Amino acid sequence: MRLLLAMMKHETNTFSPIPADLQRFRDWGLYEGEAVAQAYAGTNHPLGAYLDLAREVGAEVVTPVAAEAMPSGPVEKQAYDNITGRILDALEGGGFDGALLDLHGAMVAEGEPDGEGGLLARMRAIAPGLPIAVTCDLHCNLSERMVANSTAMIGYKTYPHIDMYEAGTQVGRVLLRALAGEIEPVMAWGEVPLLAQTLCMGTADSPMGPIQAMAREVEQDAVLAATLFGGFPLADIPEARVSSVVVADGDRAAAEAARDRLLEAAWAAREDFVYRGEPLEAAITRAKEIEAGPVILLDHADNVGSGGTEDCMTVIAAVLDRGLRDGAVAAVWDPGAVTEMTEAGVGAEVTLDLGGKTEMPAIGETGRPLRLTGRVRALTDGRWTVRGPMYTGSEVSTGPTAVFETGGVKIVVVSKHHEPWDLGIFTSVGIAPQRCHYLLLKSRIHYRAGFAPLAKATIICDGTGVTTSDNDLLSFERLRRPIFPLDWYESAEVV
Ligand SMILES: [Zn+2]
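Structural notes, computed from the coordinates. Since this is a predicted model, take the numbers as computed values, not measurements.

Description of the coordination of the zinc ion
Those protein atoms acting as donors to the zinc ion are Asp137 (OD), Asp137 (OD), His139 (ND1) and His161 (NE2), and they sit at 2.1 to 2.8 Å. Of note is the zinc ion, whose four donor atoms meet at the metal with angles of 51 to 141° in an arrangement that counts as irregular. Counting along the primary sequence, the residues that act as donors to the zinc ion give the motif D-x1-H-x21-H. Placement of the pair is Asp137 in the loop between strand E6 (132-136) and helix H6 (144-148) and His161 in the loop between strand E7 (152-155) and helix H7 (164-179), with a sequence separation of 24 residues. Considered together, Asp137 and His161 belong to a single accessibility category, that of buried residues.

What follows is the structure, encoded as structure tokens:
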């Protein structure tokens, strides 16, 4: 048996000013040929599961590419063509029994708003009958083209995404059983006009937790894999919404019934997928009153894991202004500041214009640095390995990294964007997060993977940034309408 294994992952925030060029994929991970297995074997990724399954059945594997970049603005055409081209070129060689793909499902490329659908359609154009199994992120914006050009699809059921390996194993086994003639996968898919906030999709919470439990529950008898995608709402594309895809063994009616159950549950809970915030000042006041730490201060509007610039200083400024001491921040992206601190050296006092280097035209914001005086506490190369439950085993590089201390707060300053979901972002630079009273994290839900076990409280702080949870700050032009809550509330106001 000969299998094609590949990864192509990017969550595209069409409001983000950060380009996704090939270098951005190299920064997180762009591997070819045998380097793919070296990078992903034994990791908690679908690709890690695919490699294990292939070994288990003694299959020959071809791994043309594994590419993932931190979320950001649209993928540049050259990068998209390069990555998809490697997969398509391998396929042109022929002789494959099946393909196992590790995708995201919310990739928007220049000239191709449905990145994954475009890849799958071109794969099927080369190899019309090729069985293809696909994993997608829980934040997939599913398209008809993706479903039409694959054999079996599954999404993660956890957020933070700690079941990537399980999802890969589950859908990979479906494909292998189909290749062995044991089963005949059929798929049903559908969607509801619901633009759900990612901040309301944590699977430790309701409604997403119970809905994902339902997805597991319906996976019995003929139903081989059931998925409810929360979607990715920071994408101005027609497909951004909640959707479902279910794989069954020959029984289309069973697949459709499971799909309907999941979509009805999501629609019934639609009000709970709308985020309602509080003024930043009020959030900081609440945080100041909490005696037991660590208290997480969640700067979710500047979450690089959803395409944030990671250099908006609004929440950090409020924390320093209000004198919340004994804190640590992960992280501020500012390579220039790191260079200045490197030149000054550990222990030196420096005055910096920190952060605020990126313009955000899509939300009408300009970058506003914060002028601060403090001390350089650490300088590192930014390299460490994830030990927590999400992306376990992955090598991280935040580039040259510094710790800047001011007003009793230690700010980790990085040269490459990185969402703090693992304690390593602090421990690698000598900060013990469990001993800090405040941990200001530029994250949304993924921080829970590493930080939930030590957090005594979490305060959601509405700052500035292109990953805002407030739809009113975004202008949607391509999104298919009507959609809840944008149009429901607007029409309610008219009445
Ligand atoms: Zn996701």
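Topic: the pairing of strand E17 (residues 401-406)
The buried count for E17 comes to five of six residues, which makes it a mostly enclosed element. Relative to E17, strand E14 (residues 370-380) runs antiparallel, the two sharing five bridges. Looking at E17, one finds that Val376 is bridged to Phe404. Note: E17 against strand E18 (residues 409-414), five bridges, orientation antiparallel.

Some thoughts on the pattern of salt bridges
Side chains that differ in charge, positive against negative, can pair when their charged atoms come close. Using the criterion set out here, one finds 27 salt bridges in the structure. Between Arg368 and Glu365 there is a salt bridge, with the nearest N and O atoms lying 2.8 Å from each other. The salt bridge partner of Arg481 is Asp487, with a shortest N-O separation of 2.9 Å. Under the relative-accessibility criterion, Arg481 is labelled partly exposed at 36%. The exposure class of Asp487 is buried, given its relative accessible area of 16%.

Considering the environment of Asp472
Structurally, the position occupied by Asp472 is in the loop between strand E20 (457-461) and helix H15 (486-494). We classify Asp472 as exposed; its relative accessible area is 71%. C-alpha of Asp472 to C-alpha of Leu486: the two residues are 14 residues apart in sequence and 8.5 Å apart in space.

Focus on the sheet that holds strand E8 (residues 185-192)
One open sheet accounts for three strands, arranged E8-E10-E9; its pairing is antiparallel. Two strands in the sheet have a free side with no partner beyond their single neighbour: E8 and strand E9 (223-229). Within this sheet the neighbouring strands show an average axis-to-axis angle of 10°, counted without direction. As defined by bridge partners, E9 adjoins strand E10 (residues 242-249) across six bridges and the pair is classed as antiparallel. Its bridge partner being in E10, Ala225 is matched across the sheet by Val247. Each of E8, E9 and E10 touches H7; the most contacted strand, E9, lies at about 140° to it. Packing against the sheet, helix H9 (residues 252-268) makes contact with E8, E9 and E10, and its axis sits at approximately 25° to E8.

Some remarks on the environment of Leu372
Structurally, Leu372 is set in strand E14. Once the C-alpha coordinates of Leu372 and Asp205 are considered, the two residues, 167 residues apart in sequence, prove to be 38 Å apart.

Examining the packing of helix H3 (residues 46-56) against H7
With their axes 7 Å apart at the nearest point, H3 and H7 run at an angle of 40° to one another. Classified by the angle between their axes, H3 and H7 sit oblique to one another. As H3 packs across H7, the resulting crossing turns out to be right-handed. For the pair formed by H3 and H7, the contact residues are Pro46, Gly48, Ala49, Tyr50, Asp52, Leu53 and Glu56 on the first element and Met164, Tyr165, Gly168, Thr169, Val171, Gly172, Arg173 and Leu176 on the second. Residue classes in the contact of H3 with H7 are distributed as eight nonpolar, four polar and three charged.

What counts, and where the lines are drawn
- Residues numbered from 1 in each chain as written.
- Predicted model: local features only at pLDDT ≥ 70, side-chain atom pairs only at ≥ 80, totals over all residues.
- Heavy atoms only, no water.
- Donors = N, O, S within 2.8 Å, 3.2 Å for Na, K, Ca; no water.
- Tetrahedral: all angles 85-135°; square planar, octahedral: opposite > 155°, others 65-115°.
- Helix = DSSP H or I, 4+ residues; strand = E, 2+ residues; numbered from the N terminus.
- Buried < 20%, exposed > 50% of the residue type's maximum accessible area, 1.4 Å probe, protein only.
- Pairing = 2+ DSSP bridges.
- Salt bridge = Lys/Arg side-chain N within 4 Å of Asp/Glu carboxyl O.
- Axes fitted to C-alpha atoms, helices over the stretch in contact; angles between N-to-C directions.
- Contact = heavy atoms within 4.5 Å.
- Parallel < 35°, antiparallel > 145°, perpendicular 65-115°, else oblique.
- Left-handed = near helix turned anticlockwise from the far one by under 90°.
- Nonpolar A, V, L, I, M, F, W, Y, C, P; charged D, E, K, R; others polar.

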